[in-house]
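Single-letter residue listing:
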Amino acid sequence: MEITVDLFPGNARFAKYVNAINAACKKYDISTPKRLAAFLAQIAHESGMFRYSREIWGPTAAQLRYEGRRDLGNDKAGDGKRYMGRGFIQITGKANYEALSDALGVDFVANPLLLEQSEYVALSAAWFWYSHGLNTLADNDQFETITKRINGGLNGYNDRVKIWNDLKGRLGC
């Protein structure tokens, strides 16, 4: 199933990425209306409606906690900022950049800014989605669980649900 620009009417930023999103969805079998609605709702929220391809860096108190986090693979000074959230799903931490590099055959660890390029913003999100089993959760309408796997909690949950419900109506699911 191909998505079109009319899913987010008047959003020129979405229109800019629609071909990259379609290619990424095809590669990672995000192919049914339920999967597309859940995926697009999550990436729309995470990217500020396709405005941001990287995390807005303050640094905030939460961002400062990225530094030295072994669970993120951030073991060197500066890794927290170096491997900040990038792509439409905000891939965060050196360990995730390494896994993505292995999966796509692109060295995002040495070149983290590549994740901000239009070629990779959607592809990295679709890879994360697929590698975390989110297609199955979308098939079963487990949107809250999807949000927790992406975000680690329910940050922005009401906005995500609002977008999801709108997309479900537009996609007929």
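Our subject is the structure listed above.
Heads up: these notes are all about the structure in this document. Owing to the predicted nature of the structure, the values given are computational and were not obtained by experimental measurement. (Residues numbered from 1 in each chain as written. Predicted model: local features only at pLDDT ≥ 70, side-chain atom pairs only at ≥ 80, totals over all residues. Heavy atoms only, no water.)

## Description of helix H6 (residues 118-131)
Turning to step 1, where the next piece is worked out: The terminal C-alpha atoms of H6, which comprises 14 residues, lie 20 Å apart, in line with the 20 Å expected from a rise of 1.5 Å per residue.
Turning to step 2, where the next piece is worked out: Most of H6 is tucked away: ten of the 14 residues are buried.
Turning to step 3, where the next piece is worked out: When H6 is considered as a whole, its buried residues turn out to be Tyr 120, Val 121, Ala 122, Leu 123, Ser 124, Ala 125, Ala 126, Trp 127, Phe 128 and Trp 129.
Turning to step 4, where the next piece is worked out: Where the residues of H6 are buried, they touch helix H1 (12-27), helix H2 (33-46), helix H5 (94-104), helix H7 (134-139) and helix H8 (143-151). (Helix = DSSP H or I, 4+ residues; strand = E, 2+ residues; numbered from the N terminus. Expected span 1.5 Å × (residues − 1). Buried < 20%, exposed > 50% of the residue type's maximum accessible area, 1.4 Å probe, protein only. Contact = heavy atoms within 4.5 Å.)

## Details of the packing of aromatic side chains
Turning to step 1, where the next piece is worked out: As enumerated under the stated definition, the model contains twelve aromatic pairs in all.
Turning to step 2, where the next piece is worked out: Ring centres 5.6 Å apart and planes at 50 degrees place the aromatic pair Tyr 28 and Tyr 130 in the tilted group. Here Tyr 28 is found in the loop between H1 and H2, whereas its partner Tyr 130 is found in helix H6, with 102 residues between them in sequence.
Turning to step 3, where the next piece is worked out: An angle of 5 degrees between the planes, with centres 4.2 Å apart, marks the rings of Phe 143 and Trp 164 as stacked. Of this pair, Phe 143 sits in helix H8 while Trp 164 sits in helix H9 (residues 157-171), and the two are 21 residues apart along the sequence.
Turning to step 4, where the next piece is worked out: By relative accessible area, which is 2% here, Phe 143 ends up buried. (Phe/Tyr/Trp six-rings, centres within 6.5 Å; stacked < 30°, edge-to-face > 60°.)

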